[in-house]
Amino acid sequence: MMDEHLASIACGLTQTHLCEYQGQLLHRDIIDDLVCLTQHAKDAGFTLSIASGYRNFERQMLIWNNKFLGKRTVLNKQNAPVNLTGFDDLEKCHAIMLFSALPGGSRHHFGTDLDIYAINSLQDNQKLQLEPWEYAKGGPFYDFNCWLDSNLAKFGFYRPYARFNGGVAAEPWHISHVKVSSYISQAQNVDNLQSAIQLFDVAGKQTILANISQLHSQYINNTCSP
């Protein structure tokens, strides 16, 4: 039986593994490598900043429930709003999971995964969107994106959503610590995810639990290799 504490970490139910860095909560075991990555980015002319670090189950559930209930915008691969009117609950799950994980199924629960950008690459009138065009040619973070391509692995990081594999959309801003995330992700399995969801008022709960294996396979276990 897998360690219950590790399962709690994987599903966002504990914060015992975290410490504060740049105003964000992150897994304590990734900090040294992140400091090195940040310093080398600075040497290359980029001020690496964290848009999002650790997110607990309840925070992820708030995002999920608001999207499921139509209180928060759901986007498609073209970053256009999706009208969920007429969607059944399973169709809603698929639409939301393109960019937002199930509560309990987010890699942000680990503390090893963070969304990053180069704050000094934004113009004074620009606001961070965390959308793919910002990291593409012509976008404010294109040069930073190219630098990450060449340097992330040197410091023990990779992009689990480097490209679209039929599950989560490409997220060039999302990086993960290879070594630490690899053992935590094993505990984010179907059984532990199901147990976590059963504890909370997750919107679409019965449909999620009835299709948990499919959703886990397509979105949670379907990442790019380091």
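This is a predicted model, so every value here is computed, not measured.

The rules behind each value
Residues take numbers from 1 onward in each chain, read along the sequence in its written order. Predicted model: local features are reported for residues with pLDDT of at least 70 only, side-chain atom pairs are reported and counted for 80 or more only, and whole-chain, interface and lining totals are derived from all residues. Neither water nor hydrogens contribute to the side-chain values; these are computed over all heavy atoms in the structure. DSSP bridges decide pairing: two strands pair if at least two such bridges lie between them. Going along the chain from the N terminus, every DSSP run of H or I of four or more residues is numbered as a helix, and every run of E of two or more is numbered as a strand. Residue contacts are counted whenever heavy atoms from the two residues lie within 4.5 Å of one another. Each axis is a line fitted through C-alpha atoms, taken for helices only over the stretch in contact, and angles between the N-to-C directions span 0 to 180 degrees. Definition of nonpolar core: a set of buried residues of the types Ala, Val, Leu, Ile, Met, Phe, Trp, Tyr and Cys, connected through side-chain atoms within 4.5 Å. For the exposure calls, accessible area comes from a 1.4 Å probe over protein chains only, and a residue counts as buried if that area is under 20% of its type's maximum, exposed if over 50%, partly exposed in between. In this description, the arc belongs to the directions extending from the helix axis to the C-beta atoms. In the sections that follow, a salt bridge refers to a side-chain nitrogen of Lys or Arg positioned within 4 Å of a carboxyl oxygen of Asp or Glu. Here, expected helix span is obtained from the residue count minus one, scaled by 1.5 Å. Within 3.5 Å is the distance limit for a polar contact, defined as a pair of N or O atoms, with the added protein rule that one can donate a hydrogen and the other accept it, and that residues adjacent in sequence qualify only through two side-chain atoms.

1. A look at the sheet that holds strand β3 (residues 48-52)
Next up, step 1: Across the sheet, which stays open at both edges, the four strands sit in the order β3-β4-β6-β5 with antiparallel pairing between neighbours. Both outer strands of the open sheet, β3 and β5 (157-158), are each paired with one neighbouring strand and no more.
Next up, step 2: Judged from the two bridges that link them, β5 and strand β6 (residues 174-177) form a sheet pairing that is antiparallel. Counted as the bridge partner of Y158 is S176 from β6.
Next up, step 3: Each of β3, β4 (113-118), β5 and β6 touches helix α2 (residues 31-43); the most contacted strand, β3, lies at about 130° to it.

2. Concerning the nonpolar core
Next up, step 1: Counting residues in hydrophobic clusters, the biggest one holds 33 residues, and the most contacted among them are L26, L34, L37, L114, F144 and F157.
Next up, step 2: Elements supplying a minimum of two residues to this core: α1 (4-10), α2, β3, β4, α5 (142-151) and α6 (178-185).
Next up, step 3: With 26 residues, the next largest nonpolar core counts C11, F68, I96 and I220 among its residues.

3. Details of α5
Next up, step 1: Of the positions making up α5, those classed as buried are F144, N145, W147, L148 and N151. The arc that holds every buried residue of α5, seen down its axis, measures 160°, which confines them to one face. Looking at α5, the residues exposed on the side facing more than 90 degrees away from the buried face are D143, D149 and S150.
Next up, step 2: Structurally, α5 contributes buried residues whose contacts are with α2, β3 and β4.

4. Let's talk about the pattern of salt bridges
Next up, step 1: The full count for this structure, using the stated rule, is two salt bridges.
Next up, step 2: Salt-bridge contacts for D113 lead to R107; the nearest nitrogen and oxygen are separated by 2.8 Å. One exposure class covers both D113 and R107, and it is buried.
Next up, step 3: R159 is paired through a salt bridge with D149; the nearest N and O atoms lie 2.4 Å apart. Taken as a pair, R159 in the loop between β5 and β6 and D149 in helix α5 lie far apart in primary sequence, 10 residues in all.
Next up, step 4: What makes R159 buried here is its relative accessible area of 9%.
Next up, step 5: A relative accessible area of 57% means that D149 is categorised as exposed.

5. Description of helix α3 (residues 57-68)
Next up, step 1: Its 12 residues give α3 an end-to-end C-alpha distance of 16 Å, which sits within 8% of 16 Å, the value for a rise of 1.5 Å per residue.
Next up, step 2: Regarding α3, the residues found buried are F57, Q60, M61, I63, W64, N65, K67 and F68.
Next up, step 3: Elements that come into contact with the buried residues of α3 comprise α4 (89-97), α7 (190-197) and α8 (205-210).
Next up, step 4: By the N-cap criterion, in which a side-chain oxygen at the helix start approaches the backbone nitrogen of a residue two or three places on, α3 is capped by N56, the distance to E58 being 3.2 Å.
Next up, step 5: Immediately beyond the C-terminal end of α3, within one or two residues, lies G70, with a positive phi of roughly 80°.

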